[in-house]
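Residue-level structure breakdown
Given next are the chains, with one letter for each unit.
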Amino acid sequence: MIPELGQLALVLALLLALAQGVLPILGAWRGNRALMALARPAAAGQAVFVGTAFMLLVWAFLQFDFSVRYVADNSNLALPWYYRIAAVWGAHEGSMLLWVAILDVWTVALIALSRSLPEPFLARVVGVLGLIAAGFLAFILFTSNPFERLLPMPADGGDLNPVLQDPGMTFHPPVIYMGYVGFSVAFAFAIAGLLGGELEQAWVRWSRPWTNVAWGFLSAGIVAGSWWAYAELGWGGWWFWDPVENASFMPWLVGAALVHAQAVTEKRGSLRAWTILLSIFAFSLSLLGTFLVRSGVLTSVHAFASDPRRGLFILCFLAVVVGGSLLLYALRAPKVAGGKPFGAVSRESAVLVGNLMLAVAAAMVLLGTLFPLVGDALDLGKVSVGPPYFGFLFTLLMLPVVVLLPFGPFLRWGGAGDTGLLRSVLLRVAVAAVAGAVVAAFLVGGQPKAIAGTAGAAWVGVGTLLYVYKRWREMPRGRRYPAEMAGMLLAHFGVGVFLVGVLLSESLSVTRDVRMAPGDEQAIGAYRFRFDGVHATRGPNWHAEQGTVTVLKDGRTVAVMHPQKRTYLRGQVQTESAIDPGVTRDLYVALGEPMDAGNLEGAWALRLYEKPFVRWIWAGGLLMMLGGFASAADRRFRARRTAGAAQPEAAPAAAIARESRA
Amino acid sequence: MNPARKRRLILVLLVLAAAAVAIGLAVFALQRNMNYLFTPSQVQSGEASAYQTFRLGGMVKAGSIQRSPDSLKVTFTVVDANGAMPVEYTGILPDLFRDNQSVIATGHMDNAHFVATEVLAKHDETYMPKELKEAMAKAHQGKQVGGGDAERGTRE
């Protein structure tokens, strides 16, 4: 009965989403206020029904309702309740439902906070969000129904993918989706602007915090995913340029560009068309990311064959969203373009160069990610694109961004401003970078990557701090660091911290795969790792061999670590590495396999790492996340009625013209 | 040419040059880092001889896994329907590596055996039998095997 109710709720949600998508846009086009007024109630109703369906699926998991195929496939009687809730988004069908549910959270938040937007514009924005929801709901109902029955009902279910049975992992997909779906707001704004043929700066100002928050969530989600790959996969790496990672990284790159482009458009009116284009790409790549990861297109091309309807639906949906919005862009963008001119050396052009680099980097990642798919479709053979492709091109493309980063805040809008100031900044960051390089060379010897990392971090970090100092000296107390600027400074500083983490951990890590019998010792850097053998242990739904490794430094015990090799109920094996964290270094131990399968007390293969500064990678990512959140909290974005929005609706063109002249 | 046009022309040429450099670099990097996948029978028929580094895909032959007594060196045989290839690897094997498991090894040929630098095992076990069948079917037709879902790749 419960699953049928869920099904019904989804059908009703789809109907309401169609109403929410079509009628308000029609109303905005025909000037019909009654139709426009439908936007809010239809969206709210749709959200209620999607929320109901989601809660019913959670309920089915909590009640062990194995007559539902999705529940039977992804949970069992031994799975703890918190992982049963997480199992809702543990596979394809449920994560699609989570996606729509989060879209509704954003939609409801948007209509609750949108009093200052003009009615036709809001109707279009909510309408676009409704169309997206309708597309996803149709996809769920026709190809990926989580409420499908399984008869006869099995006595016990399968298992949640063991790699997902980790506290960090339960939050990773929802946080990533918060980011993906958050870009739908910027997208809806762009489409609504194109449909109406106008995009006021005030509306861009209104949409900025949404983009920043979405980008912050995406940063957090990527950090969580990278951390999980490091801690959980037993490989000790933090980024593999794996297609699934790339899928979340592409919208992040475009989102980073969008955050900056929106700032330019809001403050100066320039780059309007570019902002719209980036909004379209950020959301399209989010869609692509969702589908690539969850549909099975990437894991195997055969997933298309196993359910061709799914693949076909995805292709059509992407074609409609990307193709339709680009067509609309081509037709209408010239109408909304405008803004003030800016010089070759100005804050706008610095942002533009950074934007281009980020956009090209995203295109490069897209090419490398999709190339194997295209190659396979064209029967060119089974190809994979190796990580060095991404590493090489990404470093190359980000170099100008890092070099420009300290100067952005010092540049003026429109022109270069005080060139003497720029020159003194250049001198100081160059001195800092050289000093950093010398210190690094002195401490670690001729490691080019470590030297480059320290120099780059000093360049970015000192450049950012110089601006902090400038504001401190020149502005009165209380007006020095408005939230928007504080966010920018945090995120820029995060880039420096990230550089330290990446380049120092890559160049200074000591990694060794060794064979160790109980009592054996291994020297890794300044540490001695002693293997004390393996014993059996068990958890709620797994049993494991647990090793004990004692780490000594100068004869003193630094850490006692317990890496595990778990076997879950259905026989899946999962390595749980043991990590001793530290600010300047992580110690990392993972159990390989017993050298003699019959003798678990004997020698084992062990993976021993010392990873200097690896935590700085995630610290940098978290600073960028904080930057996104902090800047979204700026009071300016919450001002009730701004000068632009107070214009009568008939005169936005005049408003733009006046702003352009100013 | 008036100055405005001249400036625009220079700008367009610069953009074109930048695009050419970018595309050239991308193609170069792509070519250097593309790895093809072959099955043992394809390798034996010489299809992989043009490639220095490639990926070898197939099933671990039951009972073929041999460990060295004093190091992490391990040898095993990867098979498909019509061929077999001895593989040598030094290091820790993935969790799911075992007899009759399908694997993908990256590396190069050294005389008659394959020296792997990385070994990946398929992650999703429920998916295995079909995947295997396809690999066999394809190898029969002399085509390359489906790559599928490698262990390190299943990050969801």
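Values in this document were obtained by computation on a predicted structure and should not be read as measured data.

Here we take up the overall build of chain B. Counting its regular elements, chain B contains 3 helices and 7 strands. The linear arrangement of helices and strands in chain B, starting from the amino end, is α-β-α-β-β-β-β-β-β-α. Expressed as a percentage of its 156 residues, the buried residues of chain B come to 36%. Relative to all contacts within chain B whose residues are 6 or more apart in sequence, the contacts with residues 24 or more apart total 53%.

Turning our eyes to something else, we now look at the overall build of chain A. When helices and strands are counted, chain A shows 20 helices and 11 strands. Here chain A has a C-alpha radius of gyration of 27 Å; the compact-globule value for 662 residues is 26 Å, and the two agree. Dimensions of chain A, computed from C-alpha atoms along their principal axes, come out at roughly 80 × 75 × 55 Å. The proportion of buried residues among the 662 residues of chain A is 54%. Of the contacts formed within chain A by residues at least 6 apart in sequence, a portion of 75% connects residues at least 24 apart.

Okay, unusual backbone geometry next. Residue and element names in this part refer to chain A. For the peptide bond that leads from Leu151 to Pro152, omega is -5°, which places it in the cis range. Structurally, Pro152 is set in the loop between α7 (119-143) and α8 (167-196). Non-glycine residue Asp554 carries a positive phi angle of around 50°. Here Asp554 shows up in the loop between β5 (542-553) and β6 (556-561).

The next point concerns the domain arrangement of chain A. Residue and element names in this part refer to chain A. Taken domain by domain, chain A holds domain 1 (1-165) and domain 2 (510-613). Here the C-alpha centre of domain 2 lies 43 Å away from the C-alpha centre of domain 1. Taken together, the contact pairs 8 residues of domain 1 with 7 residues of domain 2. For the side of domain 1 that touches domain 2, a count of residues per class yields 5 nonpolar, 2 polar and 1 charged.

Glancing now at the environment of Ile314 of chain A. Residues and elements named next belong to chain A. With respect to the helices, strands and loops of the structure, Ile314 is situated in helix α13 (residues 308-336). The buried category is assigned to Ile314, around which 21 C-beta atoms lie within 10 Å. The spacing of Ile314 and Ala430 is 116 residues in sequence and 50 Å in space, taken between C-alpha atoms.

Time to look at the packing of helix α9 (residues 201-232) of chain A against helix α10 (residues 243-268) of chain A. All names here are of chain A. Across the interface, α9 lies against α10 with an axial gap of 9 Å and an inter-helix angle of 155°. It follows from the interaxial angle that α9 and α10 lie roughly antiparallel. Considering the relative orientation of α9 and α10, their crossing is left-handed. Residues that form the contact of α9 with α10 fall into these classes: 11 nonpolar, 10 polar and 4 charged.

Turning to the sheet that holds strand β10 (residues 585-594) of chain A, a few remarks are in order. Residues and elements named next belong to chain A. What the 4 strands build is an open sheet, ordered β2-β11-β10-β9; its pairing is antiparallel. Here the strands that pair on one side only, and so sit at the sheet edges, are β2 (510-516) and β9 (578-580). For this sheet, the mean inter-axis angle between neighbouring strands, taken without regard to orientation, is 15°. Bridge analysis of β10 against strand β11 (residues 604-612) gives 8 bridges, and the strand direction is antiparallel. Across the sheet, the residue bridging to Val589 is Leu608, located in β11.

Our next topic: the environment of Gly31 of chain A. Tracing the backbone shows Gly31 of chain A in the loop between α1 (2-30) and α2 (33-37). Taking the number of C-beta atoms within 10 Å as the measure of exposure, Gly31 of chain A has 9 and is therefore exposed.

Here we take up helix α6 (residues 92-112) of chain A. Compared with the 30 Å implied by 1.5 Å per residue over 21 residues, the 31 Å span of α6 of chain A between its first and last C-alpha is a close match. Counting buried residues along α6 of chain A, 16 of its 21 residues qualify, which places the element largely inside the surrounding structure.

Moving on: the pairing of strand β4 (residues 73-79) of chain B. Residue and element names in this part refer to chain B. Counted residue by residue, β4 has 5 buried out of 7 residues, so it is predominantly covered. The pairing of strand β2 (residues 54-60) with β4 spans 2 bridges and is classified as antiparallel. Residue pairing in the sheet places Met59 in a bridge with Val79 of β4. In terms of strand pairing, β4 meets strand β5 (residues 84-90) through 7 bridges, oriented antiparallel. From the neighbouring strand, Val74 faces β5, where its bridge partner is Tyr89.

What follows is about the environment of Gly354 of chain A. Residue and element names in this part refer to chain A. Of note, Gly354 is situated in helix α14 (residues 347-377). By C-beta crowding, Gly354 is classed as buried, having 21 other C-beta atoms within 10 Å. Here the alpha-carbon distance between Gly354 and Ala256, two residues 98 residues apart in the chain, equals 9.5 Å. Once you skip the residues sitting within four places of it in the chain, Gly354 turns out to touch His260, Val401 and Leu404.

What follows concerns the nonpolar core. In this structure, Ala13, Ala53, Val100, Leu137, Ala186, Leu253 and Val254 of chain A are the most contacted members of the largest nonpolar core, which totals 192 residues. Discounting chain neighbours no more than four positions away, the residues touching Leu137 of chain A are Leu10, Ala13, Leu14, Ala17 and Val100 of chain A. Counting 46 residues, the second-largest nonpolar core is a separate cluster that includes Leu608 of chain A together with Val43, Phe76 and Tyr89 of chain B.

Thresholds applied
Residues numbered from 1 in each chain as written. Chains lettered and ligands numbered in written order. Predicted model: local features only at pLDDT ≥ 70, side-chain atom pairs only at ≥ 80, totals over all residues. Helix = DSSP H or I, 4+ residues; strand = E, 2+ residues; numbered from the N terminus. Buried ≥ 20, exposed ≤ 12 C-beta atoms within 10 Å, placed from the backbone. Contact = placed C-beta atoms within 7 Å. Rg over C-alpha atoms; globule rule 2.2 N^0.38 Å. Domains from an automatic or database assignment. Nonpolar A, V, L, I, M, F, W, Y, C, P; charged D, E, K, R; others polar. Axes fitted to C-alpha atoms, helices over the stretch in contact; angles between N-to-C directions. Parallel < 35°, antiparallel > 145°, perpendicular 65-115°, else oblique. Left-handed = near helix turned anticlockwise from the far one by under 90°. Pairing = 2+ DSSP bridges. Expected span 1.5 Å × (residues − 1). Core = buried A, V, L, I, M, F, W, Y, C linked by C-beta atoms within 7 Å.

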